[in-house]
Every structure is written in structure tokens, then in C-alpha cells.
2 protein chains.
Amino acid sequence: MARVSIKDIAREVGVSTAAVSLVLNGKDENGRIGKEMSEKIRQKAKEMHYEPNNLARGLRIGRSNTIGLILADISNLFFANLAFHIQEQAEKQGYSVIITNTNESDLKMEKMINVLNSRQVDGFIIVPTEHGDRYIADLLKRRMPVVLIDRFFPHLRASSVAVDNYNAARKAIEKMIRQGCRNIGMLVYQTELQHMQDRKRGYIDVMKEHHMFNPALVKEIGYSFLTNDVPIAIEHLLLKENRMEGIFFATNTLSMIGIKQLMNMGLRIPEDMKVICFDKSDAFDFTEASIPYIQQPVPEMGKVAVELLVEQIKQKQESCQFIELQTRMMNIAEKSIIF
Amino acid sequence: MARVSIKDIAREVGVSTAAVSLVLNGKDENGRIGKEMSEKIRQKAKEMHYEPNNLARGLRIGRSNTIGLILADISNLFFANLAFHIQEQAEKQGYSVIITNTNESDLKMEKMINVLNSRQVDGFIIVPTEHGDRYIADLLKRRMPVVLIDRFFPHLRASSVAVDNYNAARKAIEKMIRQGCRNIGMLVYQTELQHMQDRKRGYIDVMKEHHMFNPALVKEIGYSFLTNDVPIAIEHLLLKENRMEGIFFATNTLSMIGIKQLMNMGLRIPEDMKVICFDKSDAFDFTEASIPYIQQPVPEMGKVAVELLVEQIKQKQESCQFIELQTRMMNIAEKSIIF
DNA sequence: CTGAAAGCGCTTACAG
DNA sequence: CTGAAAGCGCTTACAG
């Protein structure tokens, strides 16, 4: 134990703690300390394996150099990747990241905000849950730096990083139509969150423009009942409606279970059923069928979110930027990009 | 901004900060403060939305109630799940978790230890990288609480949580042999890390016992060249050796790419080739072939690791426990357990 | 019994 | 110019 402090170094070298602090922080402008003395201090610090106490530093300067990250579910590969890139970027800028989970519960989100707040994080990057807007509003009111990522609330003046969900969905459906599909179903989460609504709206608009829209083709799935409800929804689509030709999955979890179900029912993709998914799943690598999917620029999303947040932290000025990134339509054939 | 401090509450209520601290920490034994006053303090604290400053608290009491988690790769689902369960358990015990990545680099591991140290974490849970033993030894020498997870170093007196890799591998090979395989290949990471060596040893021992061992059947793959080397290794196995009947994959990343390659080559599983994998991949859900795999008890691993660590932190006494958990052989048919 | 004061490890404004 | 001292927000040992 017995961690070395600035005081220990000061005693050893025979100077004040102030001198040590100045030198070690490179704040020794105009060579106030003297070349040889500052060298001696640096030397001794290394020799004693000095590591600054960030708690003390944070307390004193009022910043912790820590970012609080609140995810909806770290064991979802999409979010795990996001976490990875956020961390890499944060580290580059000298910030540590504390990652927490909400499991899509807004109560848990409130709790996590409190936990992170009491850890004095300098700012938040949040994948908000449904009905989580009031907690975000709280943070904004208290002038805490916040960046929402993946999801956002249109009525809040919060910086956000997301993709163009509406047009991504549009393009997916248009592609299916070009391939000759007329009866196209959609599986989407049952949520008021805007990003999901946008994906749905993209689907609906295109379907309407082609006079093919039918509300029964949109299946909304509750987050907690995925394993049960996705297969049921698929069966409904296939039984009730006249010959389904394509299904659009609004998330990777939906597509994972949904495609499995299609296979179980003996349908071949794309011969018997065309599909397009939002986000990739590892599982896609395993099908001989090539499954087209909408790729989100995860590394860039993470990078931009950190940049936006750090900007807010440093400038201490309010700034609300909504960054919308573009998606790409991918095929497993191009998968070399993924690994 | 303007965070509320204990001082603010003290001023409002008209008592000393000490009184506020005692009450809010429930340390008011023998009712030193007086029932009605302590109620008033609690009231005011809630009213002012007081959140304790953990930085200050940590500085004072010498503990941060933070655990440092060092993973090899958070974007690997196995580790992401591990992180998830470690976090859930840590939270239950009042600890926050700072997650960092090494990407299998021991230099990065050293850096992350320093970063976490300067954040005054109370202890470490580490998935160590190859050649990372000296940094672990450093931590032990400095009496820092440490628990290794998934991987371990037999020559270090560090607490560890891992599975019985040797016997898990043995059982896998024995099962393949019972199914009639004679020529069984193995894909394994090229590393000196004990857990991987144990998996290899399990394979080798069983093969020798059945007089079927041939060094050419073991393919060691470098971590950085997976995408290239796994397909090559598979081709080698299939071309050079006489009729391969089974392949044992030592990790999920190896199996992901390996099985894909088998499929690309037009082989059916299990008719043309039997496989068994260490760990599951989402991808397994997608094959009609049922792919048997060795399931590690990830939730329990995370839980036990946190318990072991917290014990070390609280008792301040050295304790070195090696916890070895048992694996289960699973089939996708039983996958309901996974979701 | 209880209030005032010291001190955790830092940084920086300020007196000399 | 530079050294000594204050103070960040807490907790707790200690004087009265």
C-alpha cells in the first residue's frame, strides 16, 4: 500500500509541495523552479513510482476527468461496440469512463445518474430509455454536460448523436420494392422513442407512396417479451396476410430471433422471403443466405459523442448540437469491413 | 451546477457539518443528535437534492468504492457479458466499476493499471494478457486487492476465478470419440496463457490415450491474424490429413470464423464434420445444424469474482483463493437458457 | 455528551 | 519572484 504523495517527494527533495505540483503538472512557466531542481523532482517522482491521486486533484479543481456512460444494455453487441469506441476516444482525451446499465428501465436510469453524479463525473453520454426524458431535462437544467447517443428526444435541447433513421428505413424498403416485393412486413419495438418511430415512419411513408400500406403489416414487439412475441408476430404475418414477400427488422435483436424463426419454418432467404435488418448480428456470418443490413457508423458515433461532450465540458457554455450520421447498406459479402 | 454540500445543509438547519455527516451516514449511534433534529436534517437534505461527493469522501476515508475492471476486449460478447454481471454484482455491494480494455496488449495493461490506480480504485478484476504476470506481481507486492478472471497465472499467489478448462476439453474430445470420430483437429490461440494451454492439454491427453494424437492436428493461431489464419488452418487440416472427422475450437472467435469456413467449403455439420466449441456465439442460433458448445457459467464467474474482491478489500488481509467453476456441454436445442 | 478542528492529497491565489 | 497557507467536501478523533 503506502501510496506515495506529493508531500513525500517534497520532503525527499527538500522543496515545498507547491513546487512539486507545479513541476509535475508542467505549470512551471517562465522556469520559476529552476532547470536542475525541476529535473531532480521529476527524477524522484519516477524513482518513487509516484502516481497522482485523482480523487484529491478532482476535489480541488472541481473536475474528475471522468465521463459517465449510461447504456441500455451492455451485453447487446451494438452497445458493447459503442462503449468500446467511446472509451478509446475518451482515453485519448484524458478521460476515464464509468459504464453503467439501465436494462431499458427509466427508474434504473435515474439511479445511475445519481450514482454517476455522486462520483462527480464531468459529463454524461447516455443511451436514454423510454420516459427517461424528464431525467435528461433535470440534467440540462442543472447545466450538466450531456450528450445523447443512438436515441434522442426532439423536445429537449440536448446534444445528440444519431443516424438518419428515417431515410435509412426508407432506402431499405425502396430496395425491397425494387427487388419486386409488394407485401412487406415490419417488426419494430413498441416504444415511443423517436429513433424507433423514425424507422417506422420511413417504412410507412414508402409503403403509402406505393399504395401498399396496411397497418396489420407492422408488428410492434414489447422489449421484455422478445423471445415469445417475435415468433408469434412472424407467424401472424405469414398466416394472415396474403403471401408475404419481405420483412424489415428494426433492430438486431428483432432480426436475430425473427430470422431464426423464418428458418425454423423452412423458409429460405432470400428465395422465399427477403429481409433487411437494422444493424448487423454475428449470426449473419453463418447463413449461406446473404442478409443485407443497415450499418451504423459505430466508431464515428462514439468518437463524435466524446468530442461533443468534451467540448461542452471545457467551454462550460451551453451548446446543443444534433449530429446526424449516415448509414450504409451492407451485405455479408462485404463483411471483411467488420472484423 | 452549484452542487449542494454538507455545509449548505448545516447552514440551513443551523448545526455543524459534523452533525449532518453523522446523520446522513446513519452513524448517529446512541441518538447523539436527537430524533427531531436528525429528521430535520434528513428532510432538508432531500429537499435540497443533496448528493454526497464521493471524491471527497473517498479522499477522506481512503477508499473510493470503485472497482477497476480490465478486460482483454469488451467487444467480444463473452467479455461483455462478464462485464455486465460483474457490474450488477458490484452495484449490489455499493461499488462502481470502471471498465477498461487492453486489446490483448500487455503494455496497454500496464497503462490501464496506472490509470485505475490514480483513480484510487479499491481493487482490480483483471482478464490478464499474455506476459502480463509481472504487472500482476507488482500489484500483489503492493498489497492491492486483485482477482484474476477467466485467465490466471499458476506461479502467482493471486486469487482467480476460472473454469476447469482441462476437463472441459477432455469431455468435449471424449464425446466426439464416442460419436465415432478418430481424426480430430483442434484450433487454439497461440499463447502461453494457462487457460489455453489447459484446453490444449485436455485435447492432447485424450487423443494420446486413444493413440490418435498427431501434432499436425493442432493448429495454433495468432490473435492478430484470425481472419486470415483460421481459414488457412482449416484448409490445411482438410487437405493434408487423412479424412478429418471433427474439429475442436478453443474459443468462440476461432469457432465463428472456422465454422463459416467449413460452410464455405460446402461441408455440412455434423454430417460431414463434427465440431465442438468453447463458448457460444450468437451465430450458432442461425445454423440448422445444432452446434454443441461448452458453456461457461458467466453470471456466476462475475458474481464470485466480485465477492472475492470485496472480501479482500474489506478484510485487508491477504487471501489467495483459486475458484474453479464447472462448465456444461450445451446444444443449441437447449438454447432457451441463453436468452 | 458534543462542538470545533484537523486532515485526506492536491492546486493556486496571495502575502511577503 | 516565491514560499506558505488556504481550501475543495468530506469524516472522525479529540478537547472541552
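Here is a short report on the structure shown in this document. Since we're looking at a predicted model, the values are computed, not measured.

1. Thoughts on the pairing of strand β1 (residues 66-71) of chain A
Residue and element names in this part refer to chain A.
Thinking step 1. Of all 6 residues that make up β1, 6 are buried, and the element is covered over most of its length.
Thinking step 2. Residues T66, G68 and I70 line one face of β1 and the alternating positions I67, L69 and L71 line the opposite face, and both faces are buried.
Thinking step 3. Pairing between β1 and strand β2 (residues 96-101): 6 bridges, direction parallel. For L71, the partnering residue across the bridge sits in β2 and is N101.
Thinking step 4. In this fold, β1 hands off to helix α5 (residues 77-92), which returns the chain to β2; that crossover is right-handed.
Thinking step 5. Sheet analysis places β1 next to strand β3 (residues 123-126), joined by 4 bridges and oriented parallel. The partner of G68 across the bridge, within β3, is F124.

2. Topic: the sheet that holds strand β7 (residues 218-221) of chain A
Residues and elements named next belong to chain A.
Thinking step 1. Pairing in this open sheet of 6 strands is mixed, and the strands run β7-β6-β8-β9-β10-β12 from one edge to the other. Of all the strands in the sheet, the pair left with one neighbour each is β7 and β12 (328-330). If you compare each strand with its neighbour and ignore which way they point, the axes differ by 20° on average.
Thinking step 2. Sheet topology note: the strand β10 (residues 293-295)/β12 ladder contains 3 bridges and is antiparallel. Paired with Q295 across the bridge in β12 is R328.
Thinking step 3. Along the sheet, helix α9 (residues 194-209) makes contact with β6 (184-189), β7, β8 (246-249) and β9 (274-278), crossing β6 at roughly 165°.
Thinking step 4. Most of the contacts of helix α11 (residues 252-264) go to β8, to which it runs at about 150°, and overall it touches β6, β7, β8 and β9.

3. What to know about the packing of α5 of chain A against helix α12 (residues 298-315) of chain A
All names here are of chain A.
Thinking step 1. The interhelical angle for the contact between α5 and α12, taken along N-to-C directions, is 45°, at an axis separation of 8 Å. Between α5 and α12, the angle is such that the two are oblique. In this structure, the crossing between α5 and α12 has a hand that is right-handed. Here α5 contributes F78, N81, L82, H85, I86, Q89 and A90 to the contact with α12, which in turn contributes V298, P299, M301, G302, K303, V306 and E307.
Thinking step 2. Among the residues making up the contact of α5 with α12, the classes are represented as 8 nonpolar, 4 polar and 2 charged.

4. Looking at the protein's contact with DNA strand C
Thinking step 1. Looking at DNA strand C, there are 19 residues lining it, with S21, R57 and R60 of chain A together with R32 and R60 of chain B nearest.
Thinking step 2. Those atoms of DNA strand C that come within 4 Å of the protein belong to sugar or phosphate at a rate of 58%.
Thinking step 3. Between N25 of chain A and DNA strand C, the recorded distance is 3.0 Å, taken from a side-chain N or O atom to a phosphate oxygen.
Thinking step 4. Mapped onto the surface near DNA strand C, the elements with two or more residues apiece are α1 (6-13), α2 (17-24) and α4 (54-61) of chain A together with α4 (54-61) of chain B.

5. Thoughts on the interface of chain B and chain A
Thinking step 1. Contacts between the two partners involve 62 residues from chain B, matched on the other side by 61 residues from chain A.
Thinking step 2. At the boundary of chain B with chain A, total buried surface from both sides reaches about 5,500 Å², with 57% on carbon and sulfur atoms.
Thinking step 3. At the junction of chain B and chain A, the tally comes to 4 salt bridges.
Thinking step 4. Between E88 of chain A and K108 of chain B there is a salt bridge, and its shortest N-O distance comes to 3.3 Å.
Thinking step 5. If you look at where chain B meets chain A, you find 18 residue pairs in polar contact (both at pLDDT 80 or more).

6. Describing the sheet that holds strand β12 (residues 328-330) of chain B
Hydrogen bonding along the main chain pairs the strands of a sheet, whether they run parallel or antiparallel.
All names here are of chain B.
Thinking step 1. If you trace the 6 strands from one edge of the open sheet to the other, you get β7-β6-β8-β9-β10-β12, paired in mixed fashion. Since the sheet does not close on itself, it has two edges, and those belong to β7 (218-221) and β12, each with one partner. Here the average twist between neighbouring strands, direction ignored, is 20°.
Thinking step 2. In the packing of helix α11 (residues 252-264) onto the sheet, contacts are made with β6 (184-189), β7, β8 (246-249) and β9 (274-278), and the angle to β8 comes to roughly 150°.

7. Notes on the relation of the copies chain B and chain A
One chain copy maps onto the other through a rotation about an axis and a shift parallel to that axis.
Thinking step 1. Superposing chain B onto chain A requires a rotation of 180° together with a translation of 0.0 Å along the rotation axis, leaving an RMSD of 0.0 Å. Expressed as an axis order, the relation between the two copies is that of a two-fold axis. Among all residues of chain B, the one whose C-alpha sits closest to the rotation axis is A283 of chain B, at a distance of 1.7 Å.
Thinking step 2. Taken as a fraction of all interface residues of chain B, those also at the interface in chain A reach 98%, which identifies the copy contact as same-surface.

8. Some remarks on the pattern of salt bridges
Thinking step 1. Applying the stated criterion to the full structure yields 30 salt bridges over all chains.
Thinking step 2. A salt bridge links D198 of chain A to R201 of chain A, with the nearest nitrogen and oxygen atoms 3.2 Å apart. Linking D198 of chain A with R201 of chain A, this pair stays in helix α9, spanning 3 residues, or about one helical turn.
Thinking step 3. With a shortest N-O distance of 3.0 Å, R11 of chain B and D8 of chain B are connected by a salt bridge. Highlighted residues: R11 of chain B and D8 of chain B, both in helix α1 (residues 6-13), separated by 3 residues, approximately one helical turn.
Thinking step 4. Judged by its relative accessible area of 56%, R11 of chain B falls in the exposed class.
Thinking step 5. Salt bridges sharing partners connect three or more residues here, namely E12, K44 and E47 of chain A.

About the thresholds
Residues numbered from 1 in each chain as written. Chains lettered and ligands numbered in written order. Predicted model: local features only at pLDDT ≥ 70, side-chain atom pairs only at ≥ 80, totals over all residues. Heavy atoms only, no water. Buried < 20%, exposed > 50% of the residue type's maximum accessible area, 1.4 Å probe, protein only. Helix = DSSP H or I, 4+ residues; strand = E, 2+ residues; numbered from the N terminus. Pairing = 2+ DSSP bridges. Right-handed = clockwise from strand over helix to strand, strands pointing away. Axes fitted to C-alpha atoms, helices over the stretch in contact; angles between N-to-C directions. Contact = heavy atoms within 4.5 Å. Parallel < 35°, antiparallel > 145°, perpendicular 65-115°, else oblique. Left-handed = near helix turned anticlockwise from the far one by under 90°. Nonpolar A, V, L, I, M, F, W, Y, C, P; charged D, E, K, R; others polar. Near = heavy atom within 4 Å. Polar contact = N/O pair within 3.5 Å; in protein donor to acceptor, adjacent residues only side chain to side chain. Buried area = accessible area lost by both parts, 1.4 Å probe. Salt bridge = Lys/Arg side-chain N within 4 Å of Asp/Glu carboxyl O. Least-squares fit on C-alpha atoms with pLDDT ≥ 70 in both.

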